Amino acid sequence: MAQRYLQGDTLDHAEEDRLKEVVSLWRERLMDISWFMRCLNESIARQANAEDNCTGRFWEGRFKSQALLDERALAACMAYVDLNPIRANIAHTPEESDYTSIQQRIRAAVSGKQPKNLLPFVGGECLNMPKGLPFQLDHYLELVDWSGRHLDPRKRGCIAENIPPILERLGISPKHLLYLSRNFESRFKGLVGSVEVVQKVCAQLDKRWVHGISDCRRLLSATPC
């Protein structure tokens with residue numbers, strides 16, 4: 001109908017009235033920034049879904065994002081995610097936890113390989129450090145296994161004396177890591193790391209306040225409170 005009008009065709013009264021309604025709606029949308037963002041997001045979502053070979057809404061209402069700023073935050077978040085099936089009682093051990101990175105790493109390690117789709121563990125920070133996670137694989141496996149044992153309500157008690165080496169190197173309190181392995185997502189909404197690192201990033205971003213800064217100080221500081 002609009003194309004016919006532009007080409008000079010004659011429209012009847014009903015078509016003219018309908019065209020006026022459509023033009024009025026288009027004008028409202030052209031002045032609406034929310035409608036513009038909706039169309040922009042839809043285009044990005046379709047491209048992203050095509051790249052990932054999936055369907056569904058791109059900007060999920062439940063989607064959350066945290067910026068992991070240092071090794072402490074990275075270790076805590078990785079353990080939290082890898083322990084999801086155990087917390088949900090879907091699996092009893094990390095090697096039985098389907099769809100987790102730790103299961104892929106364990107299976108690959110048994111064969112002496114590195115999962116192609118996961119970053120490798122490259123040890124502690126050093127000069128000319130290769131791209132990868134700043135931990136050792138065996139230390140991380142011990143960390144997740146240790147945390148998982150304490151998630152079991154039938155095995156509550158004191159923290160095991162054999163603390164995983166990664167905890168000693170990062171200077172993070174065992175009781176705080178245990179808490180984070182259960183509650184990481186609920187405690188942090190944005191920037192995550194030691195309070196010194198978070199404050200530095202806030203200054204760079206000109207942010208005067210960030211959600212969860214008190215938990216960063218309490219749970220991820222070099223000298224836990």
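The shown structure was predicted, so the numbers you read here are calculated from the model rather than taken from an experiment. (Residues numbered from 1 in each chain as written. Predicted model: local features only at pLDDT ≥ 70, side-chain atom pairs only at ≥ 80, totals over all residues. Heavy atoms only, no water.)

### What to know about the nonpolar core
Counting 15 residues, the largest nonpolar core has F184, F188, L191, V192, V198 and L220 as its most contacted members. The leading source of residues in this core is helix α4 (residues 71-82), at four residues. Apart from the residues within four sequence positions on either side, V198 is in contact with L69, L191, V192, G193, V210, I213 and C216. Among the nonpolar cores identified, the runner-up in size contains 13 residues, and L83, I102, I106 and L143 belong to it. (Core = buried A, V, L, I, M, F, W, Y, C linked by side-chain atoms within 4.5 Å. Buried < 20%, exposed > 50% of the residue type's maximum accessible area, 1.4 Å probe, protein only. Helix = DSSP H or I, 4+ residues; strand = E, 2+ residues; numbered from the N terminus. Contact = heavy atoms within 4.5 Å.)

### Notes on α4
For α4, which comprises 12 residues, the first-to-last C-alpha distance of 16 Å matches the rise-based estimate of 16 Å (1.5 Å per residue) to within 8%. Burial runs high along α4: 10 of the 12 residues are buried. Turning to α4, its buried residues number three or more, namely E71, R72, A73, A75, A76, C77, M78, A79, Y80 and D82. (Expected span 1.5 Å × (residues − 1).)

### Some words on the confidence of the model for the protein
Within the protein, residue pLDDT values average 75, and 74% of them lie at 70 or more. Summarising per-element confidence for the protein, the mean pLDDT is lowest in helix α8 (residues 165-170) (56) and highest in α4 (87). (pLDDT = per-residue confidence, 0-100.)

### Section: the packing of aromatic side chains
In the structure shown here, the tally under the stated rule is two aromatic pairs. Centre to centre, the rings of F121 and F135 are 6.5 Å apart; their planes meet at 45 degrees, and the pair counts as tilted. Pair noted here: F121 is in the loop between α6 (101-110) and α7 (137-151) and F135 is in the loop between α6 and α7, with a separation of 14 residues, a long-range link. Exposure class is identical for F121 and F135. Each is buried. Taken together, the ring pairs connect F121, F135 and Y140 into an aromatic cluster. Sitting over the face of the ring of W35, R29 holds its NZ or CZ atom 3.9 Å from the ring centroid. Above the face of the Y80 ring, R87 is positioned so that its terminal group lies 4.3 Å from the ring centre. (Phe/Tyr/Trp six-rings, centres within 6.5 Å; stacked < 30°, edge-to-face > 60°. Lys NZ or Arg CZ within 6 Å of the ring centre and 35° of its normal.)

### Notes on the pattern of salt bridges
Going through the model one piece at a time under the given rule, you end up with two salt bridges. Between R18 and E21 there is a salt bridge, with the nearest N and O atoms lying 3.1 Å from each other. Taken together, the positions of R18 and E21, both in helix α2 (residues 13-30) and three residues apart, correspond to about one turn of that helix. Exposure remark for R18: the relative accessible area of 44% places this residue in the partly exposed category. (Salt bridge = Lys/Arg side-chain N within 4 Å of Asp/Glu carboxyl O.)

### Description of the environment of I86
Mapping I86 onto the fold places it in helix α5 (residues 84-87). Each C-alpha atom, one on I86 and one on S97, is 7.2 Å from the other, the two residues being 11 residues apart in sequence. Those residues within four positions of I86 in sequence are excluded, and the remaining contacts are A91, H92, T93, P94 and S97.

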